[in-house]
Amino acid sequence: GVIKFVDKQIGDIVEYVEGTGLKEKTILIITADHGEGLGEHGLSFQHTLCLYEEGIQIPLIIHAPKMQAKKIETQVQTIDITPTILDILDIPLIENVDGKSLVPVINEGKDNRKYLFAENGEVLFKQNNRTFFPGIKGKWRMIRTNEWKLIYIPHPKNDIYELYNLKNDPNENVNLISKEREIASELRGKLFEWMNHSKGDED
């Protein structure tokens, strides 16, 4: 019912834009803030904890005047939306912006970034709790490429790492952490670099 409702609202907006002659002057972006775990990986209605694909994959549809329609396979982030809008409008970016414009990705097929990072939020349902420390210390962190994903879960005895090949195992059912040690080591190093950089920003 909610999906049908949202679809109707989007339709109303598109109809208004086209009916008022604003189509060639309008950038339309449809996205979301998160996905939702519906029992996958033992997590139900747990989008704030979930760094699996069902939690972090979201729709991102961009329609802009004179932009060619195509599907982009490479990974992007929501922080890329603002730089993309400014690029389309030919407005210079301010300094120290983490996001990257998707215009080169769309027009030239360039890869936007090699690594994508994420961390979780507060736990919504305690029965699904796989957070072993309170606050920031217990946050899950994740690094993802177009092919691999490493999830880091802090634990008081032994930190938990999960490594998935997203091309061969898109549902993330087979943890390869003990088999693909070289890939895991590379991703872990990059992940902790990002975590240390983020911590420095907080300080």
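Residues numbered from 1 in each chain as written. Predicted model: local features only at pLDDT ≥ 70, side-chain atom pairs only at ≥ 80, totals over all residues. Heavy atoms only, no water.

Student: What's the story with the packing of aromatic side chains in this structure? I'm lost.
Tutor: Enumeration over the complete set of coordinates arrives at 5 aromatic pairs. Ring geometry for Y52 and Y164: centres 6.3 Å apart, planes at 70 degrees, overall edge-to-face. Here Y52 is found in the loop between β1 (28-31) and α2 (53-56), whereas its partner Y164 is found in strand β6 (residues 160-165), with 112 residues between them in sequence. Classification of Y52 as buried rests on a relative accessible area of 1%. (Phe/Tyr/Trp six-rings, centres within 6.5 Å; stacked < 30°, edge-to-face > 60°. Helix = DSSP H or I, 4+ residues; strand = E, 2+ residues; numbered from the N terminus. Buried < 20%, exposed > 50% of the residue type's maximum accessible area, 1.4 Å probe, protein only.)

Student: Even after reading the chapter, I still don't get the pairing of strand β5 (residues 148-153), so can you show me in this structure?
Tutor: Residues in a regular strand point their side chains to alternate faces of the sheet. With respect to burial, β5 is a largely interior element, 6 of its 6 residues being buried. The side-chain alternation of β5 yields two buried faces, one formed by W148, L150 and Y152 and the other by K149, I151 and I153. Direction of pairing for strand β4 (residues 141-144) relative to β5: antiparallel, over a ladder of 4 bridges. Bridging across to β5, M142 finds its partner in I151. In textbook terms, the turn of a hairpin is the stretch between consecutive antiparallel strands, and for β4 and β5 this stretch comprises 3 residues. Bridge count for β5 against β6 is 6 bridges, and the pairing is antiparallel. Directly across from K149, in β6, lies its bridge partner Y164. (Pairing = 2+ DSSP bridges.)

The quantities given are spatial measurements derived from coordinates; they are silent on function.
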